[in-house]
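Structural features, examined
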Amino acid sequence: METESVVENIGGNISETVSETVNEVSASGSNVFHNIASAIGLDLSSLSLTKILMSFVILVILIVIGRILSALIGKALKKSRMSLSMQKFITKAIRFVMYFIALMIFADSIGIPITSIVAIFGLFGLAISLSIQNLLGNIMSGVSLVMLRPFEVGDYIETDIPGTVRSIGLFYTEITTIDNKRVFIPNEKIVESRLTNYTSESRRRIDVRLNAAYGCDLKKVKQAIADAVDSVPELLKDPEPIIGVAEYGDSAVYYDVLVWASTDDFIKAKYALLEAVPEFYKKHGVMMAFNRLEVELINEEKRAE
């Protein structure tokens, strides 16, 4: 009986301790929540379930209105002569502004003063300032990309990574690489780095260097290369192809071949030319050169002498 009494006393003490701890934690959490609410100017006594539900309804309605408005403006812009990049940029900017306004109205409807929200952001100090600076830098860079138009949607460009432009957003430019990867590059980084646009011009030059053995006649080599060029329909006749000796190497004569193709046919034309050269080399009796190493064997008897 004494043992049972001791156990009951211990159990009662533990139960009281747990209950007190839970109450203290609950009170502490409630105090923290009230302190945060008072810091941002939120009057909890004015909040009600009906008010919160109405605020969420207003938020949803404003978001839907923002989507509809941006869609209508997007359709209107499609009828204009404005570039596709500018159209997408404007619609995204309008949607972003509408979402921001909806958020501010929602905060105000539940009793959070907008000035208090700004004050909260100010409490974070330098970190928030730097983040906002980077965001603003990306936005301004996006505006400059759309206004100056160094590239359009669908162009093949190269900064750090080459790829086809899919969209120019407020903060990022989306490109798709050759192996079908989606890459998002900050607009500010594109503006600050070297940019190459491969599709802004209608045609591109293909530069190929070929070789032939020293024993091959120069005129025959050039004729073989010219026939290989003529056999590729994707290569342009104007500007006229240029074939010339580029270098006399250690074991071969090197020839530069400068030909033109439309931008769309660039890769196809280059591969077709390289595949045609061996065939016409063979027809004209031209031999490709390979690096050779001549080794002289010295007779043991001669070495002894």
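The coordinates are above.
The structure reproduced in this document is the subject of the present report. These figures come from a predicted structure and were not determined experimentally. (Residues numbered from 1 in each chain as written. Predicted model: local features only at pLDDT ≥ 70, side-chain atom pairs only at ≥ 80, totals over all residues. Heavy atoms only, no water.)

Next up on the list: a nonpolar patch on the surface. Taken together, the side chains of Ile 58, Phe 96, Val 97, Phe 100, Ile 101 and Ile 105 present a nonpolar region at the surface, about 500 Å² in accessible area. Here the element with the most residues in the nonpolar patch is helix α3 (residues 84-109); it accounts for five residues. In this structure, Ile 101 sits in helix α3. (Patch = residues over 30% accessible without salt bridge, like charges linked within 9 Å, V, L, I, M, F, W, Y side chains within 5 Å. Areas by Shrake-Rupley, 256 points an atom, 1.4 Å probe, with all protein chains shown as cover. Salt bridge = Lys/Arg side-chain N within 4 Å of Asp/Glu carboxyl O. Helix = DSSP H or I, 4+ residues; strand = E, 2+ residues; numbered from the N terminus.)

Here the focus is the packing of aromatic side chains. Taken as a whole and assessed by the stated rule, the structure comprises two aromatic pairs. The interplanar angle of 80° and the centroid separation of 5.9 Å between the aromatic rings of Phe 96 and Phe 171 together place this pair among those described as edge-to-face. Of the two residues, Phe 96 sits in helix α3 while Phe 171 sits in the loop between β2 (162-168) and β3 (172-176), which places them 75 residues apart along the sequence. Judged by centre distance (5.7 Å) and plane angle (50°), the rings of Tyr 156 and Tyr 198 are tilted. Here Tyr 198 lies in the loop between β5 (196-197) and β6 (203-212) and Tyr 156 lies in strand β1 (residues 156-158), a separation of 42 residues in the sequence. The ring of Trp 260 carries Arg 203 above its face, with NZ or CZ at 5.6 Å from the centroid. Here the guanidinium or amino end of Arg 204 rests over the ring plane of Phe 266, the centre of that ring lying 3.7 Å away. (Phe/Tyr/Trp six-rings, centres within 6.5 Å; stacked < 30°, edge-to-face > 60°. Lys NZ or Arg CZ within 6 Å of the ring centre and 35° of its normal.)

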